[in-house]
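Chain residues, written in single-letter form:
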Amino acid sequence: MEDNYRHKGLRKKLVNELRKKGIIDEQILAAFMSVPRHLFLDSGFLEFAYEDKPFPIGSGQTISQPYTVAFQTQLLDVQRGSKVLEIGTGSGYQACVLAELGVEVYSIERQKKLFEKTKKFLSQFPYKLHLFQGDGFLGVPEHAPYDGIIITAAAPEIPQGLVDQLKVGGVLVIPLGEGSLQTMLRIVKEEDGSLTKQQFGGFRFVPMLRDSGND
Ligand code: SAH
């Protein structure tokens, strides 16, 4: 687990780039400074680790682009101690960024192999993460309700099961839409159960899938 001055220098450049692109939350930028993103990519890809681009992590999946991780995190609007459910653990990077912010993270991944690999990998970090393997459409009802839910795959619809697991006043951040481009939505669950939706720009995610995840 090497993390040296060179990596820190690359992270600083990335953080400056994110700042220029409109990420203004200093706590989020500090979290990006802390989490060693290069360790989440297979070794040999150091030069890609701190570019603001998505990257394949195996099993046909990707680690989201840093800007996307930062943008979704900003929309979630978390506090220290917030309880957040992430759909699509993937590499575990987003989960670690949230943990750095003092969030109590619950994360669910559909693909068994990727889940096992990421679980083992994440055990090296000091973060206390609650990791689950299963179908994110169903969420993790046994630990609900959550202050926030962040979906990190393209959702074909707003999953009702997840809305049910949000606290009143809770926030769902969801890239909505099939096909190659999704609309980022920030949805707040109101006291009467209605949803207030705000739309943000277009983003590209791998699809949220429904089957068992044995691939
Ligand atoms: N948050 C990740 C990036 C996720 S890529 C990171 O920081 O690296 C999207 C992930 O969602 C993939 O790992 C994919 O396997 C997973 N996924 C797709 N459909 C899912 C579902 N129904 N439930 C849970 N995870 C799902």
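Residues numbered from 1 in each chain as written. Predicted model: local features only at pLDDT ≥ 70, side-chain atom pairs only at ≥ 80, totals over all residues. Heavy atoms only, no water.

Participant: What's the story with the overall build of the protein in this structure? I'm lost.
Facilitator: The number of helices and strands found in the protein is 7 helices and 9 strands. Computed over the C-alpha atoms, the radius of gyration of the protein is 16 Å, within 12% of the 17 Å expected from 2.2 N^0.38 for a compact globule of 215 residues. Each principal axis of the C-alpha distribution contributes one length, and for the protein these read about 50 × 40 × 35 Å. A total of 215 residues make up the protein; the buried ones form 52% of that total. Within the protein, contacts between residues at least 6 apart in sequence are counted, and of these 53% link residues at least 24 apart. When the accessible area of the protein is evaluated, it comes to approximately 10,300 Å², of which 52% is carbon and sulfur surface. Seen as two clouds, the 25 positive and the 26 negative side-chain charges of the protein have centres 5 Å apart. (Helix = DSSP H or I, 4+ residues; strand = E, 2+ residues; numbered from the N terminus. Rg over C-alpha atoms; globule rule 2.2 N^0.38 Å. Buried < 20%, exposed > 50% of the residue type's maximum accessible area, 1.4 Å probe, protein only. Contact = heavy atoms within 4.5 Å. Areas by Shrake-Rupley, 256 points an atom, 1.4 Å probe, with all protein chains shown as cover. Lys, Arg positive; Asp, Glu negative; His and termini not counted. Charge placed at Lys NZ, Arg CZ, Asp CG, Glu CD.)

Participant: What exactly am I supposed to notice about the packing of aromatic side chains here?
Facilitator: The relative placement of two aromatic rings is captured by the distance of their centres and the angle of their planes. Overall, the coordinates contain 13 aromatic pairs when judged by the stated rule. With centroids separated by 6.5 Å and ring planes inclined at 10°, the aromatic side chains of Tyr67 and Phe203 adopt a geometry described as stacked. Of this pair, Tyr67 sits in helix H4 (residues 66–76) while Phe203 sits in strand S9 (residues 195–203), placing them 136 residues apart in sequence. A relative accessible area of 9% places Phe203 in the buried class. (Phe/Tyr/Trp six-rings, centres within 6.5 Å; stacked < 30°, edge-to-face > 60°.)

Participant: Whenever I open this one, the sheet that holds strand S6 (residues 146–151) confuses me. Can you help?
Facilitator: Note on sheets: strands pair through backbone hydrogen bonds, and any given pair is parallel or antiparallel. One open sheet holds the 7 strands; their spatial order is S5-S4-S3-S6-S7-S8-S9, and the pairing between them is mixed. The strands lining the two open edges of the sheet, one partner per strand, are strand S5 (130–133) and S9. Along the sheet, successive strands turn relative to each other by an average axial angle of 15°, direction set aside. In the sheet, strand S4 (residues 104–109) pairs with S5 via 4 bridges, with the strands oriented parallel. Directly across from Ser107, in S5, lies its bridge partner Leu131. The strands that H4 touches are strand S3 (83–87), S6, strand S7 (166–176), strand S8 (182–189) and S9; relative to S7, the one it contacts most, it runs at about 155°. Its contacts with the sheet put helix H6 (residues 112–122) on S4 and S5, and the angle it makes with S5 is roughly 165°. (Pairing = 2+ DSSP bridges. Axes fitted to C-alpha atoms, helices over the stretch in contact; angles between N-to-C directions.)

Participant: Got a minute to help me understand the site of the ligand in this structure?
Facilitator: Inspection of the region around the ligand gives 28 residues, with Glu86, Ser91, Glu109, Gly136 and Leu209 positioned closest. Glu86 has a polar side-chain atom sitting 2.8 Å from a nitrogen atom of the ligand. For the ligand, an oxygen atom lies 2.6 Å from a polar atom in the side chain of Ser91. Against a free-state accessible area of 580 Å², the protein chains account for coverage of 99% of the ligand. When each cavity is represented as a set of grid points, the ligand is found to reside in the largest pocket. Per element, the largest residue contribution to the shell around the ligand is 3 residues, and it comes from strand S2 (residues 61–63). Considered class by class, the residues forming the shell around the ligand number 11 nonpolar, 13 polar and 4 charged. (Near = heavy atom within 4 Å. Polar contact = N/O pair within 3.5 Å; in protein donor to acceptor, adjacent residues only side chain to side chain. 1 Å grid on protein atoms, 1.4 Å probe; cavity = no way out; pocket = protein on both sides within 12 Å on 5 of 7 lines; lining within 4 Å. Sits in = over half its atoms within 2 Å of the grid points. Nonpolar A, V, L, I, M, F, W, Y, C, P; charged D, E, K, R; others polar.)

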